[in-house]
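Inside the fold
Letter by letter, the chains look like this.
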Amino acid sequence: MDFEFDADQITLRDSIRRYLRNEVAPRIDECEKARHIPLDVLAGVSQFGYIGGMLPEESGGMGLDFVTWAMMLEEAGYYWGSLRTIVNITNVFLRLVSQHGDARQKAHFLAPVLASEKAACVAFSEPNHGSNPAGVETRAEDKGDHYLLNGTKLWITNGVAADYVIVLARTYSATSDGKPSLFLVDKAATPIDARLVDKMVLKASGTSELFLEDLRIPKENLLGEEGTALKSMAIGLNYGRMNIAMGAVGAAQAALDLSVEYAKTRKQFGKPIGQFQLVQKHIVDMMVRTEAARALGYKAAVSLQKGLPSRIECSIAKLYAAEAAHEVAKIAIAVHGGLGYSTEYPLERIFRDTSGGVIPEGTAEVQTLIVGREVLGMSAIV
C-alpha cells in the first residue's frame, strides 16, 4: 500500500513543521504549567486545517482527506501530545454539530468554534463508564419546554475551559425510554460546575470533571433525534482511534530523533555512545516500532479514505501504535540515562504523555476484544 505524499501534502507538512517548531513549541512549558491551551494557539494552527479541516467546504471546512489528516496529527503528536488531544476533541464536537445540527445550532455552536472564538468539548465518559458509552448514567428528563439533566462526567478533555459542551445522557420522554441522546450546552446560558483533574499525562489538555445538577436545556438544543446518540457517535470511533494512533507515531518519532542525536553526541569512554552495540540495538528497536506503527496508522487512514468499515484497521493501529510509542519513549530514556528523567528536557513529557494513549477511544483491552470479534466472528464483550 502506497503512503507516499504528493507535492501539496509535502508542502503542507513542511509548513506545519516550521510553524509548530517556531511558534508553538516555545509555549509548551507555560501551557503545561497552566493546564490549559489558550484559543490563540488553536487559532494559529487552524490556518493549516487543524480546526474543522476535515469538514466539507460547505460547512466551513477544507474537505481534507484522511491521509492528509493523519499526516497532520503525526506532526502535532511529534511536538505536543496535549495539542493533538485538544485538536481531536474539538473536531469531534465540530463533526457532530456539522452532521446532526440544524441551521440554528450550526450558526450558534459551529461557526464560533471554527473561528477559534469559542472552545468546545464533548462530555461522554463518566466515573463508572468510559469505554462503554451505552452504560451512561446521566439522565435527561423531558419537562415539556426543556430537558432537565443530572449526572457526573469525568475525564472530559477541555471541560473547564470549554464554552460549548455536547453532553451524552440517557433520555426519558414520551418517545425515548432511557435511550442515549446528545445535548448542546452553552455554558454562558447554562453554567456547569467543573473542576480540573490533575494527572501525570497530557497536562495541558484540561481534563475535567463536570457536575450536571438540574441543568435546564432548551428543547432546541437536542442534537439530532432522541435516542440516536450511540449511532451518531459510532462512526466517530474509528476516526478517534486513527487520530490517537497517528499522534502516537509522532511522539515515537520525536523520542527516536532525540535519541539518535544524543547517541551521536554523548561520549563515554572516549567515543560516542552510538558506537556501543547495546545503544545501537536500542535505536534499531525504537525505529522498528515507530515504522511499524506508522504503517498501521496510514493503512487505517487509507481504509477510511476508501469508505471501508475500517474497524479492524483502526483498532489494530490504535492498539499497536499507542503501546509502541510508550515503549519507544521508555527505551529512549534508557539511551539518555539520567537526562531522560529531567523535566527540563522534552523526553520526560513524551514518556508521560505516551502512557496516556492506551486508554482513550477504548482501552488496549477493548481494542483487543474488538479485533478478536472481527477476526473470529464471536464477541467476548458481554
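Here, residues in each chain are numbered from 1, in the same order as that chain's written sequence. pLDDT decides what is reported in this predicted model: residues at 70 or higher carry local features, side-chain atom pairs at 80 or more are listed and counted, and totals for whole chains, interfaces and linings draw on all residues regardless. In computing side-chain values, all of the structure's heavy atoms are included and hydrogens and water are not.

This part is about the overall build of the chain. Scanning the chain from terminus to terminus reveals 11 helices and 10 strands. Atoms considered for the radius of gyration are the C-alpha atoms alone. The globule rule reads 2.2 Å times the number of residues to the power 0.38. By the compact-globule yardstick of 21 Å for 382 residues, the chain fits well, its C-alpha radius of gyration being 21 Å. The dimensions of the chain, computed from C-alpha atoms along their principal axes, are 80 × 50 × 40 Å. Surface accessibility in these figures is a Shrake-Rupley result with a 1.4 Å probe; residues are shielded only by whichever protein chains are displayed. Within the structure as shown, the chain displays about 17100 Å² of accessible surface, and the carbon and sulfur contribution to it stands at 55%. Between the averaged position of the 40 positive side-chain charges in the chain and that of its 46 negative side-chain charges there is a distance of 5 Å. Only DSSP runs of H or I covering at least 4 residues are called helices, and only runs of E covering at least 2 are called strands; the numbering of each starts at the N terminus. In this tally, Lys and Arg are treated as positive and Asp and Glu as negative; His is ignored, and so are the chain termini. The atom standing in for a charge is NZ when the residue is Lys, CZ when it is Arg, CG when it is Asp and CD when it is Glu.

Here, any two strands with at least 2 DSSP bridges between them count as paired. The pairing of strand β2 (residues 139–142) with strand β3 (residues 146–156) spans four bridges and is classified as antiparallel. The partner of D142 across the bridge, within β3, is Y147. In this structure, the hairpin formed by β2 and β3 is closed by a connection of three residues, where G144 is found at a positive phi of approximately 95°. The pairing of β2 with strand β4 (residues 164–172) spans three bridges and is parallel.

This next bit is on the UniProt feature "domain: Acyl-CoA dehydrogenase/oxidase N-terminal" (unreviewed entry) in the chain. UniProt positions are given in the numbering used here, feature names are shortened, and annotations may be inferred rather than shown by experiment. According to UniProt, the positions carrying the feature "domain: Acyl-CoA dehydrogenase/oxidase N-terminal" (unreviewed entry) are residues 7–116. Regarding residues 7–116, the helix share stands at 72% and the strand share at 0%, and the terminal C-alpha atoms are separated by 29 Å.

Centres within 6.5 Å make a pair out of two Phe, Tyr or Trp rings, where for Trp the six-membered ring is used; the pair is then stacked when the planes are under 30 degrees apart, edge-to-face when over 60, and tilted otherwise. In total, this model carries nine aromatic pairs according to the counting rule given. Ring geometry for F109 against Y164: centres 4.9 Å apart, planes inclined by 70°, an arrangement best described as edge-to-face. One end of the pair, F109, is in helix α6 (residues 103–114); the other, Y164, is in strand β4, with 55 residues separating them in the sequence. Owing to a relative accessible area of 1%, F109 belongs among the buried residues under this scheme. Pairing Y147 with F183 gives two aromatic rings, centres 4.9 Å apart and planes at 65°, and the pair type is edge-to-face. Taken together, the positions of Y147 in strand β3 and F183 in strand β5 (residues 177–186) put the pair 36 residues apart, joining distant regions of the chain. Neither residue differs from the other here; Y147 and F183 are each classed as buried. Taken together, the aromatic side chains of F93, F109 and Y164 make up a single cluster linked through ring pairs. The side chain of R139 reaches across the aromatic face of Y172, ending 4.0 Å from its centre. To sort residues, take the accessible area from a 1.4 Å probe on protein chains only and compare it with the maximum for the residue type: under 20% means buried, over 50% means exposed, and anything in between is partly exposed. In this scheme, Lys NZ or Arg CZ marks a charge over a ring once it lies within 6 Å of the ring centre and within 35 degrees of the ring normal.

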